Each structure stands twice: as C-alpha cells, then as structure tokens.
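# Structural overview for review
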Amino acid sequence: MSDSIRALPGRQRERDQFAAQLAAAAQGRARMLLFEGEPGIGRSALLDEIQASPLLPRRRIRVLRIDLNDGDPGDVVLRAALTLERSGWSGRLGGRRTGAFVRKLLPDWLGAIPGIGDVLEAIAATTEAVRKRRRTRPTEPRSQHARELAAVARRRPLALLLDDLHLAGDEAVEALRRLVIDAEGGVRLLVVATCRAPRLGAHRQAVHRLPERMPADRLLHHRMEPLTLDEIREWIEQRYPLTHPAQWLAGALLDEGGGVPSAMVADMHRLRDAGAILPAGHRWTVDQPKAEFVFASDIELDASDIALPEPVSAALRSATRLPPEFDALALAGLLGEDELVVEDRLAVAVRAGALVNLGVADLDNGDFSTRFRFTSSALRSRFHRSALADGIHSNSSHGARE
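Residues numbered from 1 in each chain as written. Predicted model: local features only at pLDDT ≥ 70, side-chain atom pairs only at ≥ 80, totals over all residues. Heavy atoms only, no water.

## Observations regarding helix α16 (residues 339–352)
- The terminal C-alpha atoms of α16, which comprises 14 residues, lie 20 Å apart, in line with the 20 Å expected from a rise of 1.5 Å per residue.
- Among the residues making up α16, those that are buried are V342, L346 and A349. Angularly, the buried residues of α16 cover 50° about the axis, an arc narrow enough to put them on a single face. Away from its buried face by more than 90 degrees, α16 exposes L340, D344 and R351.
- As for α16, its buried residues are in contact with α14 (310–319), β8 (325–327), α15 (328–335), β9 (355–362) and β10 (368–374).
- One side-chain oxygen of the residue at the start of α16 lies 2.9 Å from the amide nitrogen of L340, identifying that residue as D338.
- Of the residues trailing α16, G353 is marked for its positive phi of about 90°. (Helix = DSSP H or I, 4+ residues; strand = E, 2+ residues; numbered from the N terminus. Expected span 1.5 Å × (residues − 1). Buried < 20%, exposed > 50% of the residue type's maximum accessible area, 1.4 Å probe, protein only. Arc of directions from axis to C-beta. Contact = heavy atoms within 4.5 Å. Polar contact = N/O pair within 3.5 Å; in protein donor to acceptor, adjacent residues only side chain to side chain.)

## Overview of the pairing of strand β2 (residues 62–67)
- For β2, the buried fraction is high: five of the six residues fall into the buried class.
- As defined by bridge partners, β2 adjoins strand β3 (residues 158–163) across six bridges and the pair is classed as parallel. Bridging across to β3, R62 finds its partner in L158. (Pairing = 2+ DSSP bridges.)

## What to know about the packing of aromatic side chains
- Under the defined criterion, the tally for this structure stands at four aromatic pairs.
- Relative to F383, the ring of F374 lies with its centre 5.9 Å away and its plane at 40°, an arrangement referred to as tilted.
- Judged by relative accessible area, F383 falls into the buried class, the value being 3%. (Phe/Tyr/Trp six-rings, centres within 6.5 Å; stacked < 30°, edge-to-face > 60°.)

## Notes on the environment of H166
- Considering the arrangement of structural elements, one finds H166 in the loop between β3 and α8 (170–182).
- Classification of H166 by relative accessible area gives buried; the value is 5%.

## A word on the nonpolar core
- Counting 38 residues, the largest nonpolar core has M32, L162 and L176 as its most contacted members.
- The set of elements that each furnish at least two residues to this core consists of β1 (31–37), β2, α3 (76–86), α7 (144–155), β3, α8 and β4 (189–196).
- Here this core gets six residues from one element, more than from any other, and that element is α8.
- In this structure, L176 is in contact with M32, V76, V77, L160, L162, L165 and V191, ignoring residues within four places of it in sequence.
- Within the second largest apolar cluster, 27 residues are counted, among which are A7, F35, L56 and V260. (Core = buried A, V, L, I, M, F, W, Y, C linked by side-chain atoms within 4.5 Å.)

Structure, rendered in structure tokens:
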C-alpha cells in the first residue's frame, strides 16, 4: 500500500469533518468542505485518503476527482459535467480502489462514523425525505452544467473532489459557489476542495474569499495545521519504524521543517542518502551524531527574502523559543525589554506578512496581551534555524508542543 493512501497521522479532525459534511449532504442539502494549508502540508494526501475512504463506496455514491494544474482554465463545473457524461454517470477518476485499501483504512475511519451505525445507512434512511423535497420544485442552478450535476445528485449522492482549487480562475470559483448555494430540494452533493493558503503579501484569490461569500451552513472552511511532536513520532513509526524510540529524531524533524510533512519527507531522504538512517531488517536505525551533522551542515543562515529591520528579525528569532501561538508579554520577558517596544516590532512583522495578529487575550495571571503566530510553520522554522546559526539558542520549542 503506498503512502498516499495510508491513514495520515494527525488528521482525525479532518476525517470527522468530512464524515459530518457527507452525512449532511446525504440528507439533500449541498455542502462544500474547503481544506486550506501551506505548501507541503498534505492537502493532496488528505484528498487521496478521503477518495479511498470506506465512506465513499462507488455502488452508492458517485465520486469524481479533478486535479487542477498550472495553466488549467479551471472550469471545474464544466469538467465535472463532461466527465460524468463521458463516463456514463459512473463518475470515477483517479484509479481503482481495491478492497485491501478499504480494509487498511477502515480502523482509522471508524471514529469518523457517527454513533454505532454507518454514515451510508444515513443516506439510505433519508430517501423518503429526499422524495418529499422533490415535490417542491427547487430554484434551478444558473448554468446548464450546474443543472446537469444537480440532476445527477438528485438521483444518487455525488462527491466532487477538487485538488488545488487555488489554480482555478475567478469565474470558475464563482460557478462552483453558485452550484453549491443554488442547489436545493434534495440535491445530495458534497464538494471537497483543497487550496493553498495565500502567499505573503499576495492578493487573495477568489477561493480565499469563499468563506466570506457563502453561508456557514453551506461551507466549512478548515485550515490544516502542521504536525505536532507526537504526530511526527507517529509519522516516523508509520514510514520508518525505528529499532529505538524516535523522540530525538522527531524533535529534529520539527526543528528542521516545522511539522510540514513534505519537509519531513525531504529530510528523511537526506538522512538516508547520507547513511544516517539505515535499514535493519524490517526496521530502521539512526546514527544520531551523523544525523546531527547532516542537519547542522544545511542550516539556512537567514530569512533574507523577507525585508525586515534587524531588531524585528531578532525578535522573531527569539519568538521561535515560545509556543507557536505566543503573546507579546512573554516575548518581552524573554528579551528583557518593554512590552510596548516589542509589540511595535511585532506590528512591523504583521505588516510585512511574517506574523498574524490573533487579537488580545487574557493571560493566566490576570493580565492581558496581544497574541501572534507566524504566517506559516515553515517560516517559523526558518527563523528558528537562523537563530541556531547565530548561536541565540540551541533548544527548539518542541517541548512546548508536547
């Protein structure tokens, strides 16, 4: 079984959200689930797992997968309608899913199945309710292709899986939005889409504005977070089961890549190429001194492509010693400086796109302070590595994440 269809560590919340939205769509109200995340966070892998999940049997649900590419016109509503027409309404793309895949994924999806039953039984149980809705003619979607998709979804539930929706143009995203919000009266449609988080300082694309333009009962917008230390240990055990506990290696991977899965894959390949991790029967051994040398030899010295004054960069390097979400008061204490001075520096970082202002929060000691987080875990990791290179600190913040 390939990595792309293994149950992903740390993604149970996403499984639960998918199961809940599928159950709601099965009752005849179209829904959209939008997973957003930074590059390498595992959006496509999550969509692969959803496509192969036991909640989408082809005998009961039509499943259509569309992967967008650079330069693609991105008219996903048109492409979905044409694909269903060409396939004779089978609606299957992306390869066959075997029973073995389902059996291996099933234990990890059990928590996403509500109660003691199966979400698929909810689909069968709502047949009569859907028939009642059909007696009242719904408002028709605006485009011909949307009408065709809605007609298919009235006869049998339809799951439309869209990867990299940020590559679609404004008109294509608008057509998809109208498909979902205009679908009424027993249209059993679930759209599951992924998109890349907005880049630093870049104009927000149409897909990033969807949460503001769709009712909350039609769109669930979820940001995928990096893996925690415990989840990285699980990831290592799944892909490189070690002869000894993976605590040091998990912390090193968190330091290097900030918990982003694609960075972890690249780092493990570097360790294998350098002979710092070696197969030992059915497991692996780690040469820690050699692995430390591999990581130390590739420290990024700065984050020079982000134009920040040195006092601001220094504050951000020190902020990596705090938990991912930190407050200005804690950072001021760490730096031994006045909180207002530190908050001014952090405000500069927010304007530059390096930090996100999370608002004022009450602290445990009764005080209050403004909270922040880095725009991405990868950026936080780069400032942390820069701090290591400057000798500011040698311990990562992963203890706070445990």
